[in-house]
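A look at the structure
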Amino acid sequence: MSKAYVFTSNGGPEVEAFVDQDTLVPGPGELLVSVRAAGVNPVDWKLRTGVTRRGSVPQQFPTVFGSEAAGVVEATGPGVEGFTAGDEVFGNPVTGGYAELTLLPVAVTAHKPAGLSFRDAATLPVAAATAYDGLRQLGLAPGTTLLVTGAGGGVGTAAVQLAQHAGVHVIGVASAAKKEFVESLGAVYVESGPGLADRVRAAAPDGVDAVFDLVGGDTLRAAASLLADPATLISAGGKQLVAELGGAPVERARTAAVLREVADLAVAGVLRTHITRTFPLAAAGEALRVVEDGHTLGKVVIEVTA
């Protein structure tokens, strides 16, 4: 038996609990992984409330929290090639990351580089990979200007860094409490809230060429009003609204190749993970509350004892 943090039905924090998992057996194309670290993301608590991913199967309860994890391979399923017991890996688990053991499909799993910690690797499959996918979708040329909303969170932090690495000028929108942090990333800071469009125009008198939204709602509407061409508007924070505004949701690749790319960028120092809080598995609920509060700075990670 192994410990896991789950939600037992759709609802609020009251449906969360620790459980003893039955023995996990890797199926075809899967790895049984002993988790060392798991990233905490807004999607984790949103799934608990009943939000569903496009193309996902209906939730079965209890459901283990966590969409990204790093750890050590314990066993491989039928047909698996390129991985063996003892390999250090990271990826998107099919049985949740807030656990001592999980299953990772090889299609969205990569070997962890020796120069990358488990903690850092666990922040890449959702946050960094979403930023990477979104920027590739926009295809911005060097010298253009990108507006990133939610620039102080996990995806936003990665998007700012990767865009700058590509030679793109970045304006980062975040709350006043995150001003210093966003500026430390090299972005031009603009405070979120009412009047956002006017503040962006003052910071970028020549306009912005694209918007990478991670907030949705009124922030997304204000950002969209700054663009002459809505085709350069993408969002991971308001997928339905962005389509109504003429833009598009972020198109996720969800491949091992993207994971290898972002890992290489992290090892090279291009992409810093900016982990600001860590919690043991026993405090998984507390870690989730920090992210659910909506004011997370950088990334939050759960560490699991070997």
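Provided above is the structure to which this section pertains.
Since we're looking at a predicted model, the values are computed, not measured. (Residues numbered from 1 in each chain as written. Predicted model: local features only at pLDDT ≥ 70, side-chain atom pairs only at ≥ 80, totals over all residues. Heavy atoms only, no water.)

Some remarks on the pairing of strand β9 (residues 145-149)
Burial of β9 is extensive: five of the five residues sit out of reach of the surface. Across five bridges, β9 lies against strand β10 (residues 169-174) in parallel orientation. Looking across to β10, one finds that valine 148 is bridged to glycine 172. With helix α4 (residues 154-165) bridging β9 and the parallel β10, this β-α-β connection has right-handed handedness. Strand direction decides the pairing type here: β9 and strand β12 (residues 210-213), joined by three bridges, are parallel. Residue pairing for β12: valine 148 is matched across the bridge by phenylalanine 212. (Buried < 20%, exposed > 50% of the residue type's maximum accessible area, 1.4 Å probe, protein only. Helix = DSSP H or I, 4+ residues; strand = E, 2+ residues; numbered from the N terminus. Pairing = 2+ DSSP bridges. Right-handed = clockwise from strand over helix to strand, strands pointing away.)

Considering the sheet that holds β9
The parallel open sheet is built from six strands, whose spatial order is β11-β10-β9-β12-β13-β14. Here the strands that pair on one side only, and so sit at the sheet edges, are β11 (188-191) and β14 (248-249). Of the pairings in the sheet, the one linking β10 to β11 comprises four bridges and is parallel in character. Considered in β11, the bridge of valine 173 is made with valine 190. α4 rests against β9, β10 and β12 of the sheet, and its axis sits at about 170° to β9. (Contact = heavy atoms within 4.5 Å. Axes fitted to C-alpha atoms, helices over the stretch in contact; angles between N-to-C directions.)

Observations regarding helix α9 (residues 256-267)
The first and last C-alpha atoms of α9 sit 16 Å apart over 12 residues, in line with the 16 Å expected at 1.5 Å per residue. Looking at the packing, one finds that the buried side of α9 touches β6 (88-91), β8 (109-111), α3 (124-138) and α4. Just past α9, the residue glycine 269 takes up positive phi, approximately 90°. (Expected span 1.5 Å × (residues − 1).)

Points about the packing of α3 against α4
Where α3 contacts α4, the two axes come as close as 8 Å, and the packing angle between them is 50°. Classified by the angle their axes make, α3 and α4 are oblique. The handedness of the crossing between α3 and α4 is right-handed. Only Gly154, Val155, Ala158, Ala159, Leu162 and Ala163 of α4 make contact with α3, whose side of the interface consists of Ala127, Ala128, Thr130, Ala131, Tyr132 and Leu135. Residues of the contact of α3 with α4, tallied by class, amount to 10 nonpolar, two polar and no charged. (Parallel < 35°, antiparallel > 145°, perpendicular 65-115°, else oblique. Left-handed = near helix turned anticlockwise from the far one by under 90°. Nonpolar A, V, L, I, M, F, W, Y, C, P; charged D, E, K, R; others polar.)

Quick notes on the packing of aromatic side chains
This model, assessed by the stated rule, comprises five aromatic pairs. The interplanar angle of 55° and the centroid separation of 4.7 Å between the aromatic rings of tyrosine 5 and phenylalanine 18 together place this pair among those described as tilted. Note that tyrosine 5 is positioned in strand β1 (residues 2-7) and phenylalanine 18 in strand β2 (residues 16-21), a separation of 13 residues in sequence. Of the residues examined, tyrosine 5 reaches a relative accessible area of 8% and is grouped as buried. Consider the rings of phenylalanine 65 and tyrosine 98, whose centres lie 5.6 Å apart with planes at 25°: the pair is stacked. Pair noted here: phenylalanine 65 is in the loop between β4 (63-64) and β5 (69-76) and tyrosine 98 is in the loop between β6 and β7 (101-105), with a separation of 33 residues, a long-range link. As far as the burial class goes, phenylalanine 65 and tyrosine 98 line up, both buried. Through a chain of ring-to-ring contacts, the aromatic side chains of Tyr5, Phe7, Phe18, Phe61, Phe65 and Tyr98 assemble into a single cluster. The residue whose ring lies beneath lysine 112 is phenylalanine 118, and the NZ or CZ to ring-centre distance is 4.8 Å. (Phe/Tyr/Trp six-rings, centres within 6.5 Å; stacked < 30°, edge-to-face > 60°. Lys NZ or Arg CZ within 6 Å of the ring centre and 35° of its normal.)

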